[in-house]
Amino acid sequence: MTAIASSPQLATHTRKRPVDWTGIALWIALAVTALLWFLPLFLMFMTSVKSKADLNTSAMWALPGTWEWGNYADALDVGNFWVTAGNSLLIAAIKVPLGLAIAAACAFALARIRFRGARSLMLLIAIGSMVPIQIGLGPLFNTMLNLDLLDSKFGLILPYLAFGIPYQIFVLYGFFRGIPHELEESARIDGSGTFRIFWQIILPLAKPALAALFVLDFVATWNEYAMATTLLRSQSNWTIPLAVQGFSTQHGTDYGPLNAFIFMSAIPVLIVYLLFQRYFVQGALAGAVKG
Amino acid sequence: MTTVNIITQGRRKRRPFGSQGVGTAAPYIIPALLLYGWFLLYPMLDSIRLSFYQWSGFRTETPTWVGLDNYKRLFTEDAVFPTALLNSVIWVVLSLILPTVIALLMALGLNQKIIGRNVMRAIFYIPAVFASITVAAMWRWIYNPTLGFVNQLLEAVGLESWTQSWLGDPKFALASIFVANIWQAVGFSMVLFLAGLQTVPEELMEAAKLDGANAWQRFRAVTVPALRPTTVVVIILTIINSLKVFDLVVGMTGGGPAQSTQVLALWSYTQSFTNHQFGMGGAVATVLLIVTLAIVIPYMAWSLKGEDK
Amino acid sequence: MRFKKILSTAAIGAVSVGVLAGCSGGGGGADDENTLVLWSVTQETTQRAAMDAIIADFEEANPGTKIELEERSVDEMKTAMRQTAGTDAGPDIYRYWQGAGLGGELVAADVSLDLTEYYDEYGWEDRFTPTAMASITQYGGYHGVPFIQATEALYYNKTLFEEAGITDLPTTYDELVAAADKLVAAGITPIEFGGTVNWHVMRLLDSIIETKCGAETADALNTGDGDWSAEPCVTEAFTELKKWGDDYINEGFMGISNDDSSQLFFSGQAAMALEGTWLNSQVVDNGMDPAEVGIFPFPTGTGRLYGFGEGLYVSKSTDKADLAAKFLDFFTSDESQSGAQGAWSPISANKNVTPSDTDTLAHYWVDMLADSTGLYVNNDQNFSTATTGEYWRIQNLVLTGDLDPADAGAEFQKFRDANK
């Protein structure tokens, strides 16, 4: 907007701002895309409140004849929702903070403490963060078997930690390296030891990155399927993803309750995401990109 | 300023005292290394080791050494392996093009202050919050041949001849799964691009505008260079994630029909746990590992070189 | 400073170890002394109710005991059993198919407990029919307890057959195809299958192979060393399979599961279903009038009936074998099985249990069994898992038109030769 255009004192017809047709067109394109993206979620919800008769007769996008909220009760019951959600929550509640702590400590050491082999170690960890889990599933199964930790929620946390840490170290490493050394030096001059520096100076500065990683890790842990399906067996130990797949294969034709279960299974993560959304965007800006 | 910076360590003249040596570092790195080594590194290496053996996986049987036999069988006799390899490669290539470009466009669009921006951003990101196995279940329902949305819509608008068995026809199955992948994958890349767009220097933008550059020229001259670090990250994450694809295929087709949607990660799992051939499974896993490293390492090296101007 | 660092490291370590040690949760087999874990395939209403009833009766008669029933879909069941083989994570009792490729595979992997001592103790051998016992002793020793003697045939919708003008039930394969043609002419889908669960369409392929190859050759191909690339009947069979897929099976079958496709039969949109004795109760559960339904054997011309057995096996890794045996004795007793009113199968594996009066479709099976000269088994129970996977792959490739039926046999034999 240049300054020349608006001179209201001129007697001529006021120059209106030209209609930004491109802008409007772009907005419409975005809005349509957003609607498209929202469609599957809408359809899922629609299906979850329909009765079997409705599904067989009316179109998927039509409003239900009767609002079958009973589907949700069915889903809770058949899918053993509370038990599996409890399992997922327990695992995430332990794994996420613990993993972040371990990763932060390691990233700190690699970034701020000078020692031989730090660089190679960082490379090793970086490479490890890039390989797919499925490569090691067979031997992982055997390792857990030998530790007698198969079919155990707490046992599952160990490989979860192992697979979550490399990426977090990678991100936090980049973040920590960007912190000016003057801060650390002045603290040392004041007599702080390494731990104090870590805990009170470096770590608080990483809050945005930590918050972003927290959200990412919680979501990833909650949604993990491959390792859970290999290492967990009895249905009382199932996590939510296993329950969704089990529901889908065992009661695949109960579309109403199935979609209700899917909807409910995503609620906890949705809540966490929405709550921490703000930090996530900040953190992505600060940490992930820098990393 | 924002660099992917793991190798570049300037030599320092003044060493901060008290913060050097393995001894100091040890307590911080040991828990991570222990977990990493035992539950990630060791299984990976063991997979490679197993690829030289034949083993059913049952505890009662001991593995027997077969040398390169598994690899020979993999490349000459395994009828599914070529499909799995091809599909994995196709998946990576398509992932680098479609979801990435869409995500960039979304980010550019949402970077302006427009009405409903936050809502739209949330809508685009929320699919990423769902578990892949859940996305699979949702889309399987959408693709249902009789009651599913796609075919119902086609029938409703009179395009009944276009209805297909989206997940049951080898011609369409992989593409159908990939559509679900796009739906889920754009969110995360979009957020990264959005973050990266915040680093575009305002002054340069203004200067370009004053110089009379149009939108496309501004994009090329100012935005693209500023987005380079972000793009590097997006690309590497996309590659890694697309090589990992597993849950989506398991949930939507199980690898079928006729193993036409098999991918390396799933075929390795199938050989090991379903067919009880851990040696073959290990061989497929090793191939996947090699493919991953072959793509990732050169890319990392190239991007780092570009950074050290 | 240093102290704090050591302290916090130790704390993390201690917490982790404590958490792990205190709650390592052991195996899936229940910790409680008197709880048995039982794994089964997912069952529909009547069958599930029958099983629950017997379990409840047992718990009542034996206070303090508990039976935990876990159900899984067919494929999940197979995966779960294979994965827990040799570990502590398996169940105490598992319900499984008795064929060599499934139950036999687990016996070979040392998963099943030899129950010889319990057969002596409880005198089970006198309880079951010779056919049932044959499946138990086929691997040497006594593995599992007979549960279901399932036979498979063609269920058909009488009304739809009338509509199409089919007056006589097909007794030869050609008559069956003619009947299918009549149904197509009347605008009715002749038969339904769900392609995503491979083993459903497989039943059709198995039956056609039996038809085109005859009993002896079919046995050689399926359970012996027969050469799939050398027998012309193999090509004929795959050609016929393609024809069924193109002309007679419900449209889009490759993309739906057997649950989805069965709905077509239950709702009268498909005239036939190639299913087994379990469907007797399922047709009722799904709202069909049993008087509308009839059953006739797939006209193979060999006189053999399609079928397999399911047994209840005890895991070798269980530490409650005695309790498990006691439960199995109760479960398979004449009282319990009669009480179940043929929920799982109208023909019982027990000698002295007669078909239920309330099951109006039971007599079909009795008659068919009486007329048959033997059984041919589903191939996914004959082959190893890997071979089954290849069998299904080729079956599906032929159906989608990506493999010429003339090449199918050779392709399959290639795999068999490579995996001898």
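Quick notes on the rules
- Residues numbered from 1 in each chain as written.
- Chains lettered and ligands numbered in written order.
- Predicted model: local features only at pLDDT ≥ 70, side-chain atom pairs only at ≥ 80, totals over all residues.
- Heavy atoms only, no water.
- Helix = DSSP H or I, 4+ residues; strand = E, 2+ residues; numbered from the N terminus.
- Rg over C-alpha atoms; globule rule 2.2 N^0.38 Å.
- Buried < 20%, exposed > 50% of the residue type's maximum accessible area, 1.4 Å probe, protein only.
- Contact = heavy atoms within 4.5 Å.
- Areas by Shrake-Rupley, 256 points an atom, 1.4 Å probe, with all protein chains shown as cover.
- Domains from an automatic or database assignment.
- Buried area = accessible area lost by both parts, 1.4 Å probe.
- Axes fitted to C-alpha atoms, helices over the stretch in contact; angles between N-to-C directions.
- Parallel < 35°, antiparallel > 145°, perpendicular 65-115°, else oblique.
- Left-handed = near helix turned anticlockwise from the far one by under 90°.
- Nonpolar A, V, L, I, M, F, W, Y, C, P; charged D, E, K, R; others polar.
- Patch = residues over 30% accessible without salt bridge, like charges linked within 9 Å, V, L, I, M, F, W, Y side chains within 5 Å.
- Salt bridge = Lys/Arg side-chain N within 4 Å of Asp/Glu carboxyl O.
- Polar contact = N/O pair within 3.5 Å; in protein donor to acceptor, adjacent residues only side chain to side chain.
- Core = buried A, V, L, I, M, F, W, Y, C linked by side-chain atoms within 4.5 Å.
- Disulfide = S-S within 2.5 Å.

## Considerations on the overall build of chain C
Working step 1: If you tally the helices and strands in chain C, you get 18 helices and nine strands.
Working step 2: Taken over C-alpha atoms, the radius of gyration comes to 24 Å for chain C, in line with the 22 Å a tight globule of 420 residues would show.
Working step 3: Based on the C-alpha atoms only, the size of chain C along its principal axes is roughly 85 × 55 × 40 Å.
Working step 4: By residue count, 58% of the 420 residues in chain C fall in the buried class.
Working step 5: Contacts in chain C between residues at least 24 apart in sequence constitute 77% of all its contacts with a sequence separation of at least 6.
Working step 6: Counting only carbon and sulfur atoms, one obtains 50% of the accessible surface of chain C, whose full area is about 15,900 Å².

## Structural notes on the domain arrangement of chain C
Residues and elements named next belong to chain C.
Working step 1: The assigned domain composition of chain C is domain 1 (3-150 + 308-363) and domain 2 (151-307 + 375-418).
Working step 2: Centre-to-centre, using C-alpha coordinates, domain 1 lies 30 Å away from domain 2.
Working step 3: The interface of domain 1 with domain 2 comprises 27 residues on the first partner and 26 residues on the second.
Working step 4: Of the roughly 1,900 Å² buried between domain 1 and domain 2, counting both surfaces, carbon and sulfur atoms make up 51%.

## Examining the packing of helix α5 (residues 118-128) of chain A against helix α1 (residues 22-50) of chain B
What describes two packed helices is the angle between their axes and the distance between those same axes.
Working step 1: Across the interface, α5 of chain A lies against α1 of chain B with an axial gap of 12 Å and an inter-helix angle of 45°. Comparing the axis directions of α5 of chain A and α1 of chain B gives the class oblique. The hand of the α5 of chain A/α1 of chain B crossing is left-handed. Between α5 of chain A and α1 of chain B, the contacting residues are Leu121, Leu124, Ile125 and Gly128 of chain A on the first element and Ile29, Leu33, Tyr36, Leu40 and Leu41 of chain B on the second.
Working step 2: Class assignment of the residues belonging to the contact of α5 of chain A with α1 of chain B gives a composition of eight nonpolar, one polar and no charged.

## Describing a nonpolar patch on the surface
All names here are of chain B.
Working step 1: A contiguous nonpolar surface patch, about 790 Å² in accessible area, is contributed by Leu86, Val89, Ile90, Val93, Leu94, Leu96, Ile97, Leu98, Val101 and Leu105.
Working step 2: Inspection of the secondary structure puts valine 93 in helix α3 (residues 81-110).
Working step 3: Valine 93 gets classed as partly exposed once you look at its relative accessible area, which sits at 42%.

## Topic: the interface of chain A and chain B
Working step 1: Taken residue by residue, the interface counts 100 residues in chain A and 103 residues in chain B.
Working step 2: Between the two partners, chain A and chain B, sit 13 residue pairs in polar contact (both at pLDDT 80 or more).
Working step 3: Along the lines of polarity and charge, the residues of the side of chain A that touches chain B split into 69 nonpolar, 22 polar and nine charged.

## Here we look at the nonpolar core
Working step 1: If you look at the biggest cluster of nonpolar residues, it comprises 197 residues, and the most contacted ones within it are Leu110, Ile169, Leu172 and Phe176 of chain A together with Phe124, Trp139 and Met252 of chain B.
Working step 2: Shared between two domains, this core takes at least three residues from each, and those domains are domain 1 (2-68) and domain 2 (77-284) of chain A.
Working step 3: If near-sequence neighbours (up to four positions away) are discounted, leucine 110 of chain A is found in contact with Phe115, Ala118, Leu121, Met122, Ile125, Ile169 and Tyr173 of chain A.
Working step 4: Listed in part, the 127 residues of the second largest apolar core include Tyr94, Val177, Phe265 and Ala273 of chain C.

## Describing the state of the cysteines
Residues and elements named next belong to chain C.
Working step 1: Tallied over the full model, the rule gives one disulfide over all chains.
Working step 2: Here cysteine 213 pairs with cysteine 233 through a disulfide, and the sulfurs are 2.0 Å apart. The sign of the 95° torsion about the S-S bond sets the cysteine 213-cysteine 233 disulfide as right-handed. With cysteine 213 in helix α9 (residues 199-223) and cysteine 233 in helix α10 (residues 232-248), this residue pair connects regions lying 20 residues apart in the sequence. Cysteine 233 carries the same exposure label as cysteine 213, and that label is buried.

## Points about the environment of glycine 303 of chain C
Residues and elements named next belong to chain C.
Working step 1: Summarising the element assignment, glycine 303 is placed in the loop between β7 (293-296) and β8 (304-314).
Working step 2: Along the sequence, glycine 303 and aspartate 371 sit 68 residues apart, while their C-alpha atoms lie 7.7 Å from each other.
Working step 3: Residue contacts for glycine 303: discarding those within four places in its chain leaves Ser372, Thr373 and Gly374.

## Considerations on the side chain of histidine 143 of chain C
Residue and element names in this part refer to chain C.
Working step 1: If you trace the backbone, histidine 143 turns up in the loop between α6 (130-137) and β4 (145-157).
Working step 2: When its relative accessible area of 8% is taken as the criterion, histidine 143 is described as buried.
Working step 3: Engagement of the side chain of histidine 143 in a polar contact is seen with the side chain of serine 112, the distance being 2.7 Å.
Working step 4: Setting aside residues up to four positions removed in sequence, histidine 143 forms contacts with Val107, Ser112, Leu113, Asp114, Ile136 and Tyr313.

## Comments concerning the environment of isoleucine 113 of chain A
Residues and elements named next belong to chain A.
Working step 1: Inspection of the secondary structure puts isoleucine 113 in the loop between α4 (81-112) and α5.
Working step 2: Classification of isoleucine 113 as buried rests on a relative accessible area of 2%.
Working step 3: A C-alpha to C-alpha distance of 8.7 Å links isoleucine 113 and threonine 194, two positions 81 residues apart in sequence.

## Details of unusual backbone geometry
Working step 1: Of note in this structure, aspartate 148 of chain A is not a glycine but carries a positive phi near 60°.
Working step 2: Of note in the backbone geometry, aspartate 110 of chain C takes a positive phi value of approximately 65° without being a glycine.
Working step 3: Position of aspartate 110 of chain C relative to the elements: it lies in the loop between α4 (103-108) and α5 (116-122).

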